[in-house]
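For reference, the chains in residue letters:
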Amino acid sequence: MIDPSYAGTRHPRFDAEVERGRLRSFAAAVGLDEAVFHDVDAARAAGHPDLPVPPTFLFGLELERSQDTLAAMGIEMARVLHIEQGFVYHSTAHAGDRLTFAPVLVSVRAHRGARLQLLATETAVTRRDGTPVADLRQVLAVREDPAARDARSTGGCLVRVDPAGLAVGTELPELVPPPVTRAMLALYAGASGDHNPIHIDSDAAVAAGLEDVIAHGMLSMAFLGRMLTARVPVEDLVSFRVTFRAPTPVHARPRCTARVVSVDPPADGSDGPRTARLDLTVRLEDGPVTVRGEAVVRLRDTGAVPAPPH
């Protein structure tokens, strides 16, 4: 059992450099084809000082230190399941930025009796001058019994919206990303730094109570970010979060849908851009819902909605 007195612990702050090479590797691993994520000239032409950080990239920068923290608490990564992940964005980070991460373990609580404990962590990310970049929130489930067959992960993707013809209730076109493969999981593990063995080692996955490896939850959220930034400039992403409800096994093919639930004026009453809130669902073909979540994007008059990628 994890001592509940850990709740409220402020873990050591740390700095991380945003490197161009790692940004390009990450973009390639999750299928971000837009030139703005690979080509510095294209990024600058779009108004960025350098390559912008994809929506879920900050999680990877935090991951190595968070794994060290879990190890210090006596928690093996094979016992950890990623349940929820959320981002609130304040500004866009770019290659060359040096970012400061300030994590706080906000709660430790039992779930399903003694079999699981849920750890919620909130992390403020800032630049060296103190400018806020993003707030991250994650919930991890730690299994007390490594053999317990209780796994949650995900696979998914999302869609973008455009002011043209947008209305509450609009069903955006379904998106079907490629089936999950072992090669895909290996590439993502290398690009993100998430080497939890249940995603890449069949023997370790079976020992953890799974039938085989399952997709990283954050790979699915990266698909979601890829779909968003194919249609919304990364600086117009206000927030998005997901809950991982069921595992996505290797070879599975997720199907992704999004529905507009509100179109809202600026909260401050200004003449700024409206925002759209989308409900997101990912379901496996002939299988369960694996992900539920939401995204909030700014709406700008950018013309017609392009056809969604497949």
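Check the entry above for the structure.
Residues numbered from 1 in each chain as written. Predicted model: local features only at pLDDT ≥ 70, side-chain atom pairs only at ≥ 80, totals over all residues. Heavy atoms only, no water.

So, on to the side chain of Ser66. With respect to the element layout, Ser66 can be found in helix α3 (residues 57-72). Of the polar contacts made by the side chain of Ser66, one reaches the backbone oxygen of Leu63; its length is 2.7 Å. (Helix = DSSP H or I, 4+ residues; strand = E, 2+ residues; numbered from the N terminus. Polar contact = N/O pair within 3.5 Å; in protein donor to acceptor, adjacent residues only side chain to side chain.)

Attention now goes to the side chain of Thr56. Relative to the assigned elements, Thr56 resides in the loop between α2 (40-45) and α3. Residue classification places Thr56 among the buried positions, given a relative accessible area of 3%. Leaving out residues up to four positions away in the same chain, Thr56 has contacts with Phe26, Phe87, Met218, Met221, Ala222 and Phe240. (Buried < 20%, exposed > 50% of the residue type's maximum accessible area, 1.4 Å probe, protein only. Contact = heavy atoms within 4.5 Å.)

What follows concerns the packing of helix α4 (residues 182-192) against helix α6 (residues 217-229). Interhelical geometry of α4 versus α6 gives an angle of 90° and a closest axis separation of 10 Å. In terms of axis orientation, α4 runs roughly perpendicular to α6. For the pair α4 and α6, contact is made by Met184, Leu185 and Tyr188 and by Met218, Leu219, Ala222 and Phe223, respectively. Here the residues of the contact of α4 with α6 are counted per class, giving seven nonpolar, no polar and no charged. (Axes fitted to C-alpha atoms, helices over the stretch in contact; angles between N-to-C directions. Parallel < 35°, antiparallel > 145°, perpendicular 65-115°, else oblique. Nonpolar A, V, L, I, M, F, W, Y, C, P; charged D, E, K, R; others polar.)

Pairs may arise between side chains of opposite charge once their charged atoms sit close together. Under the counting rule described, the total for this entry stands at nine salt bridges. Where Arg277 meets Glu294, a salt bridge forms, and the shortest distance between an N and an O atom there is 2.7 Å. With Arg277 in strand β10 (residues 275-284) and Glu294 in strand β11 (residues 289-298), this pair connects stretches of sequence that are 17 residues apart. Residue classification places Glu294 among the buried positions, given a relative accessible area of 16%. Here the salt bridges share partners, and the residues they tie into one network are Asp15, Glu17 and Arg98. (Salt bridge = Lys/Arg side-chain N within 4 Å of Asp/Glu carboxyl O.)

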